[in-house]
Amino acid sequence: MTLFKKALCCILASVMVLGTCACASGEQGDNEKTDAPQQTQAANGSNESQAQETEKKETLDIPDTRYDGEEIVFLTRDEAEWSTVEIFAEKADIKEDVISDAVYTRNDAIYTNYGVTVKEFKINTSEVTGKVQTEVQAPTGDFHAVVTNVVNSAAMSNNTLIWDLNSPETSSLDFSKSYWDTKLIEGLTINDMVFFVTGDIMTLDNDATFCMMFNKTIANECQIPDLYSMVDNYEWTFDKLFEYEQLAIKDPNGDGVLEYDSGVCGFALTDDVFYSMFYAGGLCVVSKDDVGDLYFSLDVERAQNVAERAQRIFAKDFIVNINTVSTNSGVNVPEVGKTCFGDGHALFLGEVLQCVERMRGYDVDFGVIPYPMYDATQKQYYHMMHKTGSVVSIPRSVNKNIEMVASMIEAMAYYSVDTLTKQYYEINLTTKNVKDEQSGPMIDMILDSRVCDLAYYYDWGSALGKLAGALNPTTNTSMASTTKSLSKTVERQMQKAVEKMVKNYGAD
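Residues numbered from 1 in each chain as written. Predicted model: local features only at pLDDT ≥ 70, side-chain atom pairs only at ≥ 80, totals over all residues. Heavy atoms only, no water.

1. A word on the environment of Met-213
Phase 1: Positionally, Met-213 belongs in strand S4 (residues 210-215).
Phase 2: Met-213 gets classed as buried once you look at its relative accessible area, which sits at 0%.
Phase 3: What Met-213 contacts, discounting residues up to four positions off in sequence, is Phe-341, Leu-347, Phe-348, Leu-349, Glu-351, Cys-355, Val-356, Met-359, Phe-366, Gly-367 and Val-368. (Helix = DSSP H or I, 4+ residues; strand = E, 2+ residues; numbered from the N terminus. Buried < 20%, exposed > 50% of the residue type's maximum accessible area, 1.4 Å probe, protein only. Contact = heavy atoms within 4.5 Å.)

Structure, rendered in structure tokens:
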């Protein structure tokens, strides 16, 4: 169930954390017209009332065992705004922060029901892979699970440092449950092996998902039609974005150079937006066939058409590139973005959902919408979760207590629904930050339509950097030639990686 529906369900049901049922999660969407090609998965539509009834019946199916006196310690991230916040909280923190309160309440439920204390061991993100490797080689028992970004997690799976979570030893993990992000997990599965996952136990996966924000005041001044209705009617396309960004331009100096702190640009963006528009156009480098085998799926003609339309949108006459401004001015990227959009100098801003929270304190009246479709014939909206998003895994050093670790991770995901997810949505994705209720369903739509491209997460052939660069008009890169040149390299590296995993993990 989507975040908006989960929050609504929690409010209506008034379910207590220690009750017998929970309003569960999962990113099972209802935002598509039909199944779409070139994707590792598609959102699964459902009737809302039926979905809510299903959520009320969701159960936690783990062994009825107490582990009194045991601990589960997570190795977590210390990385500025991307530091882990959703695993551990001190009791002293709960009065100051509702997320900490939610985390503490969930962990207290784990202790009350199973006798297990949740702790964390926080280190710099850049040190995580090395720390896990050392632990696997010479186990100390200092930690039992790992929360880090997708980059580290992919590297650890490449080097057989983490468990295949579909193993018999981890059977307490049931990824069909709605408190897991079943769609992303299906996309992350390789030959029936899954090494890292996300769901209600995490929040930084949502924070790392790309969205578009729009300034309502500027949109009204430009007499732009209701963007929410346009999204709902599947009329929000590349061409509409190109049309509307031009209406907003205000160049007070008249020199054709748009500034981040004066005038108005049509679209403020970071370099990662080129990646986002690549996926928004319905493209995917690696997909799965009917039996789950991976193949290079990027269609040359489609990719070239997407690039040509995107290059119009990214013309220097309409945009402010936040990374370029930061490089030239010395002002850091977050501050440039907050000034440009927060102070009313951009109609659209392309960034991750965490930037919704970063707009707190600014007086801008804004809404959140999906990235546009390539054209109106596209089947649905598509979005990417940046590789900095958090996932959870279990290191191979865990052996004798693997059942307990798997069961407690499952329980934490379950109990997060009425605690962490509810507060994350209410605090970060509603009134104070998003500023309007209409953005709630839009955020659900964004999270429902996340694409899992293994070529991006495993960096096979360094493909995405090259392909996204072809959407940038300043690079003078041909998308067609880039696609053709990458196909064999991606296929070769992908096959080599999968063969290594199958050999080391013993999958068929």
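2. Thoughts on the pattern of salt bridges
Phase 1: This structure, assessed with the given rule, holds 15 salt bridges.
Phase 2: In this structure, Lys-177 and Glu-58 form a salt bridge, with 3.4 Å as the shortest nitrogen-oxygen distance. With Lys-177 in the loop between helix H5 (150-158) and helix H6 (182-188) and Glu-58 in the loop between helix H2 (48-56) and strand S1 (71-78), this residue pair connects regions lying 119 residues apart in the sequence. When sorted by exposure, Lys-177 lands in the same class as Glu-58, which is buried.
Phase 3: Among the salt bridges present, the one from Lys-119 reaches Glu-71, with a minimum N-O distance of 2.7 Å. Taken together, the residues span a long stretch of sequence, with Lys-119 in strand S2 (residues 117-124) and Glu-71 in strand S1 at a distance of 48 residues. (Salt bridge = Lys/Arg side-chain N within 4 Å of Asp/Glu carboxyl O.)

3. Description of the packing of H5 against helix H20 (residues 479-505)
Phase 1: For the pair H5 and H20, interaxial distance at closest approach is 9 Å and the crossing angle is 60°. Taken together, the axes of H5 and H20 lie oblique to each other. Contacts between H5 and H20 pair Met-156, Ser-157 and Asn-158 from the former with Ala-497, Lys-500, Met-501 and Tyr-505 from the latter.
Phase 2: Taken together, the residues of the contact of H5 with H20 break down into four nonpolar, two polar and one charged. (Axes fitted to C-alpha atoms, helices over the stretch in contact; angles between N-to-C directions. Parallel < 35°, antiparallel > 145°, perpendicular 65-115°, else oblique. Nonpolar A, V, L, I, M, F, W, Y, C, P; charged D, E, K, R; others polar.)

4. Quick look at H5
Phase 1: For H5, the complete set of buried residues consists of Val-150, Asn-152, Ser-153, Ala-154, Met-156 and Ser-157.
Phase 2: In this structure, the buried side of H5 is in contact with helix H4 (128-137), strand S3 (145-149), strand S12 (390-393), helix H18 (454-458) and H20.
Phase 3: The backbone nitrogen of Val-151 lies 3.3 Å from a side-chain oxygen of the residue at the head of H5, namely Asn-149.
Phase 4: The first or second residue beyond H5 is Thr-160, which carries a positive phi of 55°. (Polar contact = N/O pair within 3.5 Å; in protein donor to acceptor, adjacent residues only side chain to side chain.)

5. Overview of the sheet that holds strand S10 (residues 366-369)
Phase 1: Ordered by their spatial adjacency, five strands build an open sheet running S8-S5-S9-S4-S10, and the pairing between neighbours is mixed. Two strands in the sheet have a free side with no partner beyond their single neighbour: strand S8 (319-321) and S10. On average, each strand axis in the sheet is tilted by 25° relative to the strand beside it, whichever way the strands run.
Phase 2: Here strand S5 (residues 265-269) pairs with strand S9 (residues 346-352) via four bridges, running parallel. Across the sheet, the residue bridging to Phe-267 is Phe-348, located in S9.
Phase 3: Contacts from helix H10 (residues 238-247) reach S4, S5, S8 and S9, with the element oriented near 130° to S9. (Pairing = 2+ DSSP bridges.)

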